[in-house]
Amino acid sequence: MAVEVALRIPSDVTLIEEAVELVVRHCFAGWDAPQRVRFRLRVALSEALANAILYGNGEDPSRSVEVRAECLPDVLHLHITDDGPGFDPATIRDPVTPEDLDRACGRGLFLIRNLMDHVRYNEFGNSLCMTLRRH
Amino acid sequence: MGFTASKHSSGVLMVQVEGQLIVGNRQELKNTVQEALEHGERKFLVDFTRTGYIDSSGLGALVSISKKVREQGGELRLAGLNEDLRSLFELTKLDTLFAITDTPDQALVAF
């Protein structure tokens, strides 16, 4: 049976950890998922929320982020949508060249792409859908 | 969740990351190291034995801290990363930037 979790959080990065734990707890309730899978979800969801709050909403307190998780028996689909104007994810390059190593930022989307099984943005670039297999 | 800093008898400042190192608390870690640098500390060990996960902001904070410590002629080492945490450093190739040991004891010997 599918379980759906939905929440809307204000543009405040200090709320990310609690939101991640809430979603992870519901997504894996009653499932004996490997620790590696839970770790991937925690990191990717934390990244997605940080991107949405910092870059999508520009930390504007009048804007919020919507999280919707569809928890199916074999797979999880997570939709993270901000109120911002969106961006073109194709313009974000992988930050793993030697000259990138000293950069303090720019690794968020790279981690999401590598930790999730499938990643897709909507046409406006303000809504991300991440898919993760449970095993 | 938080950071605990303590001075080891060898002169190394050990910072334990308890819980997560993420966008919401990275500044606290940066401040802890910055203040220690200003007080003359030059050897730093960040211990991740009790850490759940790190996001890209946390990794970025470590990169910034590492740079500042190097600029002051100091040394920063990381230890206690479990398999999942280590995979983040390998994925981002930051394992080539940091001196990483399995345990805090191994790091202390290496200073």
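Look above for the structure.
Thresholds, definitions, all that
- Starting afresh in each chain, residues are numbered from 1 along the sequence in its written order.
- Numbering of ligands from 1 and lettering of chains from A proceed in the order in which they are written.
- Totals for whole chains, interfaces and linings use all residues, but because this is a predicted model, local features are given only for residues with pLDDT of at least 70 and pairs of side-chain atoms are given and counted only at 80 or more.
- Numbered from the N terminus, helices here are DSSP runs of H or I no shorter than four residues, and strands are runs of E no shorter than two.
- As a reference, a globule follows 2.2 Å times the number of residues to the power 0.38, and the radius of gyration itself is taken over C-alpha atoms.
- Comment: burial labels come from other C-beta atoms within 10 Å of the residue's own C-beta, placed from the backbone, where a count of 20 or more is buried, 12 or fewer is exposed, and between is partly exposed.
- Throughout, a pair of residues is in contact if the C-beta atoms placed from their backbones lie within 7 Å.
- For this classification, Asp, Glu, Lys and Arg are treated as charged, while Ala, Val, Leu, Ile, Met, Phe, Trp, Tyr, Cys and Pro are nonpolar and the rest, including Gly, are polar.
- Two strands form a pair only when DSSP identifies at least two bridges running between them.
- Axes here refer to lines fitted to C-alpha atoms; in helices the fit is confined to the stretch in contact. Angles between the N-to-C directions go from 0 to 180 degrees.
- Here the angle decides the label: under 35 degrees means roughly parallel, over 145 means roughly antiparallel, 65 to 115 means roughly perpendicular, and every other value means oblique.
- Put simply, a crossing is left-handed when the front helix is turned counterclockwise from the back one by less than a right angle, and right-handed when it is turned clockwise.
- Working definition: the nonpolar core is a set of buried Ala, Val, Leu, Ile, Met, Phe, Trp, Tyr and Cys residues, joined through C-beta atoms within 7 Å.
- The directions considered for the arc are those from the helix axis to the C-beta atoms.

(A) Expanded view of the overall build of chain A. Of regular secondary structure, chain A possesses three helices and five strands. Walking chain A from its N terminus toward its C terminus, one meets helices and strands in the order β-α-α-β-β-α-β-β. Its C-alpha radius of gyration of 15 Å places chain A within 12% of the 14 Å reference for a compact globule of 135 residues. Overall, chain A is about 45 × 40 × 30 Å in size when its C-alpha atoms are taken along their principal axes. Looking at the 135 residues of chain A, the share that counts as buried comes to 33%. A fraction of 66% describes how many contacts in chain A between residues 6 or more apart in sequence connect residues 24 or more apart.

(B) Molecular detail of the overall build of chain B. A tally of helices and strands in chain B yields four helices and six strands. Listing the helices and strands of chain B from first to last along the sequence gives β-β-α-β-β-α-β-α-β-α. The C-alpha radius of gyration of chain B comes to 13 Å, within 12% of the 13 Å expected for a compact globule of 111 residues. Considered along the principal axes of its C-alpha atoms, chain B spans approximately 30 × 30 × 25 Å. The long-range fraction of contacts in chain B, counting pairs at least 24 apart against all pairs at least 6 apart in sequence, stands at 72%.

(C) Examining the interface of chain B and chain A more closely. Across the contact, 20 residues belong to chain B and 21 residues belong to chain A. For the side of chain B that touches chain A, the secondary structure elements donating two or more residues are α2 (56–71) and α3 (83–91) of chain B. Per-element tally for the side of chain B that touches chain A: the top contributor is α2 of chain B, with seven residues. In terms of residue class, the side of chain B that touches chain A is made up of eight nonpolar, eight polar and four charged.

(D) Representation of the sheet that holds strand β1 (residues 3–10) of chain A in the model. Residue and element names in this part refer to chain A. The five strands lie next to each other as β1-β2-β3-β5-β4, forming an open sheet whose pairing is antiparallel. In this open sheet, the two strands that pair with only one neighbour each are β1 and β4 (118–121). Averaged over all adjacent pairs, the angle separating strand axes in this sheet is 15°, with direction ignored. With four bridges joining them, β4 and strand β5 (residues 127–133) adopt antiparallel strand pairing. Within the sheet, the bridge partner assigned to histidine 118 lies in β5 and is threonine 131. Sheet strands touched by helix α2 (residues 35–56): β2 (64–71), β3 (75–82) and β5. Its angle to β3, the strand with the most contacts, is close to 15°.

(E) Seen up close, the packing of helix α1 (residues 16–27) of chain A against α2 of chain A. All names here are of chain A. At a minimum axis separation of 10 Å, α1 and α2 run at an interaxial angle of 140°. If you check the angle between α1 and α2, you find them oblique. Once α1 is placed against α2, the crossing between them reads as right-handed. Contacts between α1 and α2 involve Ile16, Ala19, Val20, Val23, Val24 and Cys27 from the former and Arg38, Leu41, Arg42, Leu45, Ser46, Leu49 and Ala50 from the latter. Broken down by class, the residue content of the contact of α1 with α2 amounts to ten nonpolar, one polar and two charged.

(F) Examining the nonpolar core more closely. All names here are of chain A. Counting 60 residues, the largest nonpolar core has Ala44, Ala48 and Leu49 as its most contacted members. The element that contributes the greatest number of residues to this core is α2, accounting for ten residues. Every residue in contact with alanine 44, bar those within four places of it in the chain, is listed here: Leu111, Ile112, Leu115, Met116 and Met130.

(G) Main features of helix α3 (residues 108–115) of chain A. Those residues of α3 of chain A not exposed but buried are Gly108, Leu109, Leu111, Ile112 and Leu115 of chain A. One side of α3 of chain A holds all its buried residues, which, seen down the axis, span an arc of 160°. Buried-residue contacts for α3 of chain A involve α2, β4 and β5 of chain A together with α2 of chain B.

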